[in-house]
Amino acid sequence: MLALLFTITQWIIRAGALIYVPYRRSPEAAKGWLLLFMIAPWPALIVYVFVGRARHPKWRRERAEALPAVLERFVGKARNSFEQCRGELQGDSATIASLGVGLAELPPLTGNDILLESEYDRFVDRLVSDIDGARDHVHLMFYIFACDETGNRVMSALEAAARRGVTCRLLIDAFGSLKDGKEVGSRMKSNGVEFNLILPFRLWGRATRADMRNHRKIAVIDGSIGWIGSQNIVNAQGEASKPNRELMARVTGPTVAELQVVFIGDWYLETATELSTPNLFPAPAISNRGKTAQVVPSGPDYTDGRIDMMIVALTHAANKCVVLTTPYFVPSEPLLFALKTAAIRGIDVRLIISAVTDSIFVDLAQASYFAELMRAGARVSLCERHFLHAKHISVDDEIVLLGSTNMDMRSFELNSEISLLVFDEEVVRAIHALENEYLAGGRQLELERWTNRNFAKRVASNLARLVSPLL
């Protein structure tokens, strides 16, 4: 009798999944979940109850619903800068910028100076130097913040700034900083730094989900200097067996106000506190170099679009070449289709990816996409010298997208991410130089050899691909 009841409930769960799972979900994610339900209905149901929907618990959604009104009060303070410095773009650049406005309501702004920093320790040196020069406030938000040599240097700079009377605020993700988060928080609070963990684990009250994280990396100093990119506050060998290769961008000019808006929003979402100090939006220093840039935050709190829409649009906008650099490549179906389409129409499509990541399962899943891309004419290269953790896309000689966003479903659906669009030929040339460095330290895959690789590896990759939309 129990066996019959168990069998009946299994089919009831499967039938319910067929009705409920595809609702407001991408086809690739729906297929991944349905596969799990067909194979193991009861375990799939238990997992689905906790992490099945890419949305936060009710308390967080209510706070997110109030966020636009909160941000509007702050954006109003920066409105003059936004209007006076709005970038005038043409052609595909204007189309891409319009999509950015649609996704996050932050416009392209001109008059910026942008410095790319790809040297790991030099970024830390420059960040510490910027904190040392702070006069009013320092806002930092990072996914990983460790109590190692790198973390101690940054914490010491924050403590010294706080002693000078500078208001310092630090946000770090509870999961990304699981190892050292409490120790960092205790030290910061005892030394005058305002500190909060983002989405600490709670099963009741203001419950949180372990799988939905804030993956952003942002620094704003005095409202006039901003940092954005891929690097965490951890030693270079803190995440994988090889030294990390990262990319950060130092921004001065009007676009720093957009980074400030994102930080204020995340501070409110975690604390329900509106930052109201007077000097958050100083008059921007306008650079004669006039680089146009636009901040594009993304994540579950932005319900009308996903960052992969931007990546797909950039791919379609390419007239000569598009290069994707990422440590993780588990694409949505629209992105995979866009890359293949671009390659077939003669665009030089390149994927530069880390040869080894910190996740064996991701390594297997992403390997299943390479042959498909190469058959369409794209080139796939593996960076072997470093754990290539940088994340950026270059389109022709015109546009760059860089930031914290990986090319995977976690970044597209689950994580809060931050990206910077730059419409500037000089920055694109600098990105191309970095791409060439990655290529010099790796190897390009050959289709025939790749398709004839070890049979067991091919089977494992194909199996991992079946559930890759859930990664």
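A brief report on the enclosed structure follows. All figures in this text were calculated on a predicted structure; none of them were measured in a lab.

Digging into a nonpolar patch on the surface
Logical step 1: A grouping of Leu18, Ile19, Met38 and Ile39 is seen on the molecular surface, where their side chains present a nonpolar patch of about 440 Å² in accessible area.
Logical step 2: Elements supplying a minimum of two residues to the nonpolar patch: helix H1 (2-20) and helix H2 (27-39).
Logical step 3: Mapped onto the elements of the fold, Met38 is located in helix H2.
Logical step 4: Residue classification places Met38 among the partly exposed residues on the basis of a relative accessible area of 33%.

Examining helix H6 (residues 120-132)
Logical step 1: Look at H6: 19 Å from first C-alpha to last across 13 residues, which is about the 18 Å you get at 1.5 Å a residue.
Logical step 2: Among all positions of H6, only Tyr120, Phe123, Val124, Leu127, Val128, Asp130 and Ile131 are buried. All buried residues of H6 fall inside an arc of 160 degrees around its axis, so they share one side.

Here's the deal with the layout of surface pockets
Logical step 1: When its volume is computed, the second largest pocket comes out at roughly 530 Å³.
Logical step 2: Surrounding the second largest pocket, 23 residues form its lining, Tyr143, Phe175, Tyr328, Asp358 and Arg410 being those nearest its centre.
Logical step 3: Taken together, the residues of the lining of the second largest pocket break down into 8 nonpolar, 8 polar and 7 charged.

So, unusual backbone geometry
Logical step 1: Within the chain, Glu105 stands out as a residue other than glycine whose phi angle is a positive 65 degrees.
Logical step 2: In this structure, Glu105 sits in the loop between helix H5 (91-104) and strand S1 (109-117).
Logical step 3: Although it is not a glycine, Leu199 sits at a positive phi angle of roughly 50 degrees.
Logical step 4: Topologically, Leu199 is positioned in the loop between strand S4 (194-198) and strand S5 (218-221).
Logical step 5: A relative accessible area of 3% places Leu199 in the buried class.

With respect to the packing of aromatic side chains
Logical step 1: In total, this model carries 6 aromatic pairs according to the counting rule given.
Logical step 2: Relative to Trp267, the ring of Phe263 has its centre 5.9 Å away and its plane inclined at 25 degrees; by these criteria the two rings are stacked. Note that Phe263 and Trp267 are positioned in helix H9 (residues 256-271) at a spacing of 4 residues, about one turn of the helix.
Logical step 3: Ring geometry for Phe329 versus Tyr369: centroids 6.1 Å apart, planes at 85 degrees, classification edge-to-face. Pair noted here: Phe329 is in the loop between strand S10 (321-326) and helix H11 (333-344) and Tyr369 is in helix H12 (residues 360-376), with a separation of 40 residues, a long-range link.
Logical step 4: By relative accessible area, Phe329 is classed as buried at 0%.
Logical step 5: The cationic tip of Arg169 hangs over the ring face of Trp267; the distance from NZ or CZ to the ring centre is 6.0 Å.
Logical step 6: Its end group placed over the ring of Trp450, Arg453 keeps NZ or CZ at 4.2 Å from the ring centre.

So, the environment of Arg465
Logical step 1: Inspection of the secondary structure puts Arg465 in helix H16 (residues 455-466).
Logical step 2: By relative accessible area, Arg465 is classed as partly exposed at 25%.
Logical step 3: Between the alpha carbons of Arg465 and Leu275 there is a distance of 44 Å; along the sequence they are 190 residues apart.
Logical step 4: Excluding its chain neighbours within four sequence positions, the residues that come into contact with Arg465 are Leu336, Ala365, Ser368, Tyr369 and Glu372.

Comments concerning the packing of helix H7 (residues 149-163) against helix H8 (residues 181-190)
Logical step 1: Where H7 meets H8, the axes come as close as 10 Å, and the angle between the chain directions of the two elements is 20 degrees. As the angle between them shows, H7 and H8 are arranged roughly parallel. Here H7 runs over H8; the crossing is right-handed. Every residue of H8 that contacts H7 at Asn152, Met155, Ser156, Leu158 and Glu159 is listed here: Val184, Arg187 and Met188.
Logical step 2: Here the residues of the contact of H7 with H8 sort into 4 nonpolar, 2 polar and 2 charged.

Reading the values: the criteria
- Residues numbered from 1 in each chain as written.
- Predicted model: local features only at pLDDT ≥ 70, side-chain atom pairs only at ≥ 80, totals over all residues.
- Heavy atoms only, no water.
- Patch = residues over 30% accessible without salt bridge, like charges linked within 9 Å, V, L, I, M, F, W, Y side chains within 5 Å.
- Areas by Shrake-Rupley, 256 points an atom, 1.4 Å probe, with all protein chains shown as cover.
- Salt bridge = Lys/Arg side-chain N within 4 Å of Asp/Glu carboxyl O.
- Helix = DSSP H or I, 4+ residues; strand = E, 2+ residues; numbered from the N terminus.
- Buried < 20%, exposed > 50% of the residue type's maximum accessible area, 1.4 Å probe, protein only.
- Expected span 1.5 Å × (residues − 1).
- Arc of directions from axis to C-beta.
- 1 Å grid on protein atoms, 1.4 Å probe; cavity = no way out; pocket = protein on both sides within 12 Å on 5 of 7 lines; lining within 4 Å.
- Points joined across faces, edges and corners; volume = space filled by probe spheres on them.
- Nonpolar A, V, L, I, M, F, W, Y, C, P; charged D, E, K, R; others polar.
- Phe/Tyr/Trp six-rings, centres within 6.5 Å; stacked < 30°, edge-to-face > 60°.
- Lys NZ or Arg CZ within 6 Å of the ring centre and 35° of its normal.
- Contact = heavy atoms within 4.5 Å.
- Axes fitted to C-alpha atoms, helices over the stretch in contact; angles between N-to-C directions.
- Parallel < 35°, antiparallel > 145°, perpendicular 65-115°, else oblique.
- Left-handed = near helix turned anticlockwise from the far one by under 90°.

By themselves, these are just geometric observations and shouldn't be taken as functional.
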